[in-house]
Amino acid sequence: MIKNLILKNRSYRRFNQKVTIELHTLRELVDLARLSSSANNLQPLKYILSCDRRKNALIFPNLAWAGYLKDWQGPDEGERPSAYIIILRDMEISKSFGCDHGIAAQNILLGATEKGLGGCMIGSIKRQRLRKILDIPPRYKILLVLALGEPKEKVVIETARSDEDIKYWRDNDGVHHVPKRLLDDIIVG
Ligand SMILES: Cc1cc2nc3c(=O)[nH]c(=O)nc-3n(C[C@H](O)[C@H](O)[C@H](O)COP(=O)(O)O)c2cc1C
């Protein structure tokens, strides 16, 4: 059921770092993105894959985690992602801003969920530093980083009771709560 997969596909930010992800798995996931819709079918997205400790350690410090959790600076060593997929736009193919990368990212995360993995889209990226450290050529614009691993946290969906009630939070047992607006509150006509 697609709904079960979507329900399971939450944003996970703590992982069993000991569980590694192989390069061929990342390639399978990017293949799901390759088959996504694309405006004008231009297919401007390109990808950088990382699943080894050295490269992962270069990427990690350039990401910001869970802005609403003010007392938490991101996953500790041992709970960090086992892999990353960096989504780029090839400016030589398209300079315009579309939503291709959102679709691609969701396909990848749904595919990861089906494999018993999980992840988080990270848009808050120190882009200049990441470009420098990975030597990413200027033709590629850094759009999103997908952090991936075997989830080590429980995430539950709550009901958002008001417009202000959209901040996710973590309880004393470490369970992450994500308020979602009600169906009747988002259908406006
Ligand atoms: C485009 C986009 C950018 C995001 N950037 C970040 C980010 O920089 N850091 C982070 O911890 N989470 C990030 N998230 C995850 C959201 O916080 C998360 O989707 C939201 O809290 C709802 O949780 P859910 O994905 O489990 O439904 C991003 C999500 C999207 C769609």
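Here, every reference points to the structure presented above.
Now for a look at the structure at hand.

The subject of this paragraph is the sheet that holds strand β6 (residues 169–170). Strand order in the open sheet formed by three strands is β5-β7-β6, and the pairing between neighbours is mixed. The open sheet has two edge strands with one neighbour each: β5 (155–159) and β6. Taken together, the five bridges between β5 and strand β7 (residues 176–180) define a ladder with parallel strand orientation. Each residue of the ladder has a partner; that of glutamate 158, found in β7, is proline 179.

On to the pattern of salt bridges, then. By the definition in use, this model includes eleven salt bridges. The closest approach of N and O atoms between arginine 53 and glutamate 77, which form a salt bridge, is 3.3 Å. With arginine 53 in helix α3 (residues 53–59) and glutamate 77 in the loop between α3 and β2 (83–90), the pair connects residues that are 24 residues apart, well separated along the chain. Of the two residues, arginine 53 and glutamate 77, neither departs from the other in class, the shared state being exposed.

So, on to the layout of surface pockets. Approximately 310 Å³ is the volume attributed to the largest pocket. Considering the residues around the largest pocket, the lining is formed by 14 residues, among which Asn9, Arg10, Ser11, Arg13 and Lys180 are closest to the centre. For the lining of the largest pocket, the secondary structure elements donating two or more residues are α4 (100–114), β3 (118–122) and β7. A class-by-class count of the residues in the lining of the largest pocket yields six nonpolar, five polar and three charged.

Conventions and cut-offs
Residues numbered from 1 in each chain as written. Predicted model: local features only at pLDDT ≥ 70, side-chain atom pairs only at ≥ 80, totals over all residues. Heavy atoms only, no water. Pairing = 2+ DSSP bridges. Helix = DSSP H or I, 4+ residues; strand = E, 2+ residues; numbered from the N terminus. Salt bridge = Lys/Arg side-chain N within 4 Å of Asp/Glu carboxyl O. Buried < 20%, exposed > 50% of the residue type's maximum accessible area, 1.4 Å probe, protein only. 1 Å grid on protein atoms, 1.4 Å probe; cavity = no way out; pocket = protein on both sides within 12 Å on 5 of 7 lines; lining within 4 Å. Points joined across faces, edges and corners; volume = space filled by probe spheres on them. Nonpolar A, V, L, I, M, F, W, Y, C, P; charged D, E, K, R; others polar.

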